[in-house]
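Below are the chains, spelled out letter by letter.
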Amino acid sequence: MRKRAASVFLSLVLGTTAISAQSVQSSLVEEPTVSLTMVAVRDTVKPGSPVVVRVMTKNISNKPVNRSHFRDAIYNFVIFVKDTAGNPAPETEEFQRINKLRKQGEVSASIVLGHPLKPGETAEESIDIAEYYDLTRPGQYTIQAQQGPLKTNIVTVTVTP
Amino acid sequence: MRVLYSLRLVLFLAGVALVLLVGSDHTSGQDIADDECFDFASSCDVEGVSAILASTDSSEIDTFSSTSITLDLVDNAFGADVVTGLFLDDFNNQIDSNEGFDDGSGFAEADMSDGIDLGHAYAVASDHHVIDLLSGDDVLVGSTAVAVDAAAPDITSITPVLAKVGTSGQLTVNGFDLFDQFDGSVGVSQIPGVTWSPASASSDGTQIVLNYTIATNAATGDQNFFLATRFGQSNVVTFSIDDQTPVVSSVQPDQWQAGADTSITVSGTGFGACPTLQISGPGVSGFTKTSGSPTQVQGTVTVDASSTGGQATVTVTSDGDTCSGFHGPPGGPNNGSNTAEIQAEPAPIPNIMFQGQNVTGQTVNVVVGQQIPLTVQINSSLSVTQPSWTVSGTAIGGYTASKSSASIATPTFNQTSTTFYWVYSGSQPVTFKYCLSNNQCNQGTATFTVAGPPAVSVNPTVDDVTISTVTDCAASDPNNNQVQLLAFGHLTGTYSSQPLICRQNLSGTPGIQFDATVNQSSTSGTQGTFLWVQLISNDSLSKLTQTGPSTCSGSGLDTQYPADNGLSTDDSPSNNMLATQSEKARNFSATMYLMWDPTLTGSGSCKAATPSNASTCTSIPVPLGFIKWGFTGDAISTLDASQGAGSGGWQLACHNKNAGSFTPSSASQNSNGYPIWSGAATCN
């Protein structure tokens, strides 16, 4: 299990970031304590409509899991949105602003320490993808969220004309 | 004028109804006094007569004259003599003469018979003589005379000129030669249904007064009225006989119910033989006459249910007593009216329907935030107007919240149905008022006992502004991966400036912790769901970098609606410091609201709104109260930028914090205590 997690992470890092594997080794050696699942509230939407997905974090361990998080869910995940050709969807201006700060390494948000997630308990976070990605062009889009080494399943949303 | 002394009816002329004998005498007699006898005898008496005989008619005038002496004179050889003349218009115009001599018995007479020229006055004058048969002396002892107008009656006026059928009265006729100068009779034109009788007459024939009785079936309209004597028929004047003006004395019944047929009896006079019925009034949609007589009409009237009520007018129109048209004075009414009162259909007390039950007059238990859909049932075929609901207490049409906005809907209270939510508890009467299309109004009231939300108290636990050091798992240098945060609260653990890298694992003491305590004894029996909603009044973040100062500020909803669920939540606004920054300051103020949703739905269970899910309930959250809080902090870097971030060197220059007490929501607060926003704060 540990090997599989490491290989997943390595392929991810090699493909997306220059951050060294050594810097994150400490977080990889642990067994995953949570699982991430994504569902789309609606599979088909009109252009300009909200595209809401829910990301569910489930404690799959046998002990409480820290659930501290940014109140704004977009700070807690990396979202991948692609069209049918595999091209990333364009970001909205608001998301470009947020990302600019993030690339600078600055995060300003409300942190909720909250209550630990009990074993088997699931916490939901809702994200309107349309706030961050321009999904006004009709077509199919795949959406996936990632938090650390963990990825959600991929959901498909169709924007109809 | 003298009172008539006799009456006899004689058919006199065609078209003339009767003859009235009013009494007259066209014999002129003279009793000669004794001293006119020349003392021929101890007793002496001479009678002279001039007469126009009753045999006179329109073609011939017959006269008679005589002188009569007493036997004493006869015995003393005296004889009578009469000399007579007939004059036309003037005593200078003698048209005939005659003389009569004593026949030996002391009596002398002379007759004349001449043709008549109508339109003239004729007079007979006689000289009466006594003759001494022995000496031949002729003594004129006296004269007599009598005259007559040989003219038909001439009517100059009648009063009145009209009368109504079924009435009696007197008709005054003015003119000349209005009655027979011999026998006082007069013929009156025959008018069917009219009976004449004498009342009085002037002695000179210029006025007569007739009694009349007009039968109800008398001929109506303009009638020819004239008089007739032996000298012919008078001019014709118009005597109008009018039908009686209808008078409606009563209508029974005089109260009619809208929406029903009512049999009525209309009583009065002058309706004629075939009256017609007319009924008008608010909502009168039909009527029929079932029978009619001069004094009564029966029928049926139909009043529509939509009648607004009020006075109805019942009119009976006469077609005359013979059904041949009504005769009356020009412009005069041929109808009579009376009224009846239409009783409008009353508006029933409305049934206020709640959850399939009629709750009018009832007391219903509900809870704040519960959807109250009300409709009304009104047992009437009429349309409803002016519906209005009066709902006491603080009732809203709904509370809609999302990340972009939150608003309170205003309930619609001017329709026959309404849906609203009470925000606060209490005994709240709800009244529905309405009117029907006939302007009849009514109302119904139901009383709702609105149970309140759980009584809660919220105690904030406030930490302090710190420079918290955490481990940034995204740092490129694992040996220099400490990040310093200008934080409200004491934070430790793993932090991820790049969420791709790791799941953050922070712990410590939050900047502010909100813990609600429920007084369970106060709950309404519904557990419900608590919601936290935070509005940022101001979040101003200032940074000083090598390129100069910059500030970002914002206000609005803090990230999401609701911020959290449950009886507790916390917040630790934080911002990491970068090596490129030399100072960072933050001024943060917010209001944390606590709300409660009874989580009610029409059927089955539901879930109140969460940060990830919209509410599936028919109920809405109601505000319980709020706490205002905030902090300020200023962090200054004491290191040279070349030493890099996370190596320490940030010092908290000045800082402050504040948190108020829990303020229960009330209807008097802005938006009735609800948190309202028009966008999310974007600078946090």
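Notes on the structure follow. (Residues numbered from 1 in each chain as written. Chains lettered and ligands numbered in written order. Predicted model: local features only at pLDDT ≥ 70, side-chain atom pairs only at ≥ 80, totals over all residues. Heavy atoms only, no water.)

## Structural notes on empty space enclosed by the protein
For the record, the criterion: Think of a 1 Å grid over just the protein atoms. A cavity is a set of points where a 1.4 Å probe fits yet cannot get out, a pocket is an open set with protein on both sides within 12 Å along at least five of seven lines, and lining residues have an atom within 4 Å of a point. Grid points are joined across faces, edges and corners, and a volume is the space filled by probe spheres set on the points. A helix here means a DSSP run of H or I that spans at least four residues, while a strand means a run of E at least two residues long, and both kinds are numbered starting from the N terminus. Residues were grouped as follows: Ala, Val, Leu, Ile, Met, Phe, Trp, Tyr, Cys and Pro as nonpolar; Asp, Glu, Lys and Arg as charged; and all remaining residues, including Gly, as polar.
The final tally for this structure, using the stated rule, is four cavities of 30 Å³ or more. Lining the largest cavity are 16 residues; nearest its centre among them are A:Ser68, A:His69, A:Asn76, A:Gln147 and B:Arg503. Put simply, the parts of the chain that give the lining of the largest cavity at least two residues each are strand E4 (69–70) and strand E7 (122–128) of chain A. Here the residues of the lining of the largest cavity sort into six nonpolar, seven polar and three charged.

## Considerations on the environment of B:Thr469
Residue and element names in this part refer to chain B. Note the threshold: A contact between two residues is defined here by any heavy atoms of the two lying within 4.5 Å.
Mapping Thr-469 onto the fold places it in strand E40 (residues 465–472). Taking the C-alpha atoms as reference, Thr-469 lies 9.4 Å from Ala-487; in sequence the two are 18 residues apart. For Thr-469, the contacting residues outside a window of four places in its chain are Gln-482, Val-483, Gln-484, Leu-491 and Thr-492.

## Some words on the interface of chain B and chain A
Let me state the cut-off plainly: Using a 1.4 Å probe, buried area is obtained as the accessible area two parts lose upon being combined, added over both of them. Salt-bridge detection follows one rule: a side-chain nitrogen of Lys or Arg within 4 Å of a carboxyl oxygen of Asp or Glu. A 3.5 Å cut-off defines polar contacts: any pair of N or O atoms within that distance qualifies, except that in protein one atom must be a possible hydrogen donor and the other a possible acceptor, and neighbouring residues in sequence count only when both atoms are side-chain atoms. Here, a strand pair is defined by DSSP locating no fewer than two bridges between the strands.
In this complex, chain B contributes 48 residues to the contact, which on the side of chain A involves 46 residues. When chain B packs against chain A, the two sides together hide about 3800 Å² of surface, and 46% of this comes from carbon and sulfur. Inspection of the region where chain B meets chain A yields three salt bridges. Here A:Arg71 makes a salt bridge to B:Asp558, at a shortest N to O gap of 3.5 Å. At the junction of chain B and chain A, the tally comes to 16 residue pairs in polar contact (both at pLDDT 80 or more). For the side of chain B that touches chain A, the secondary structure elements donating two or more residues are strand E41 (482–495), strand E42 (505–510), strand E44 (529–545), strand E47 (568–576) and strand E48 (581–597) of chain B. Tallying contributions element by element places E47(B) first for the side of chain B that touches chain A, with nine residues. For the side of chain B that touches chain A, a count of residues per class yields 18 nonpolar, 22 polar and eight charged. Bridging between strand E6 (residues 108–112) of chain A and E47(B) involves four bridges; their strand directions are antiparallel. The partner of A:Ala109 across the bridge, within E47(B), is B:Ser574.

## Remarks on the sheet that holds strand E19 (residues 237–242) of chain B
Residues and elements named next belong to chain B. The condition is simple: Helix axes use the C-alpha atoms of the stretch in contact, all axes being lines fitted to C-alpha atoms, and the angles between their N-to-C directions lie in the range 0 to 180 degrees.
In spatial order, the strands read E11-E19-E16; together these three strands make up an open sheet with mixed pairing. Edge positions in the sheet fall to strand E11 (162–164) and strand E16 (221–225), since each has one partner strand and no second. Neighbour-to-neighbour, the strand axes of this sheet turn through a mean angle of 30 degrees, independent of strand direction. The pairing of E16 with E19 spans five bridges and is antiparallel. Bridge assignment links Phe-225 to a residue of E19, and that residue is Val-237.

## What to know about the pattern of salt bridges
So the rule is basically this: Burial classes: relative accessible area under 20% of the type maximum marks a residue as buried, over 50% as exposed, and values in between as partly exposed (1.4 Å probe, protein chains only).
Enumeration over the complete set of coordinates arrives at eight salt bridges over all chains. One salt bridge connects B:Asp180 with B:Arg230, and the closest N-O pair in it is separated by 2.5 Å. Taken together, the positions of B:Asp180 in the loop between strand E12 (168–176) and strand E13 (187–189) and B:Arg230 in the loop between strand E17 (227–229) and strand E18 (232–233) put the pair 50 residues apart, joining distant regions of the chain. B:Arg230 shares its class with B:Asp180; the two are buried. What emerges from the salt-bridge pattern is a single network uniting A:Arg71, B:Asp558 and B:Asp571.

## A word on the pairing of strand E3 (residues 46–52) of chain B
Residues and elements named next belong to chain B. Within E3, six of the seven residues are buried, leaving the element largely enclosed by the surrounding structure. Relative to strand E4 (residues 60–69), E3 is paired through seven bridges, and the arrangement is antiparallel. Bridge pairing links Glu-47 to Ser-68 in E4.

Coordinates in, geometry out; function isn't part of it.
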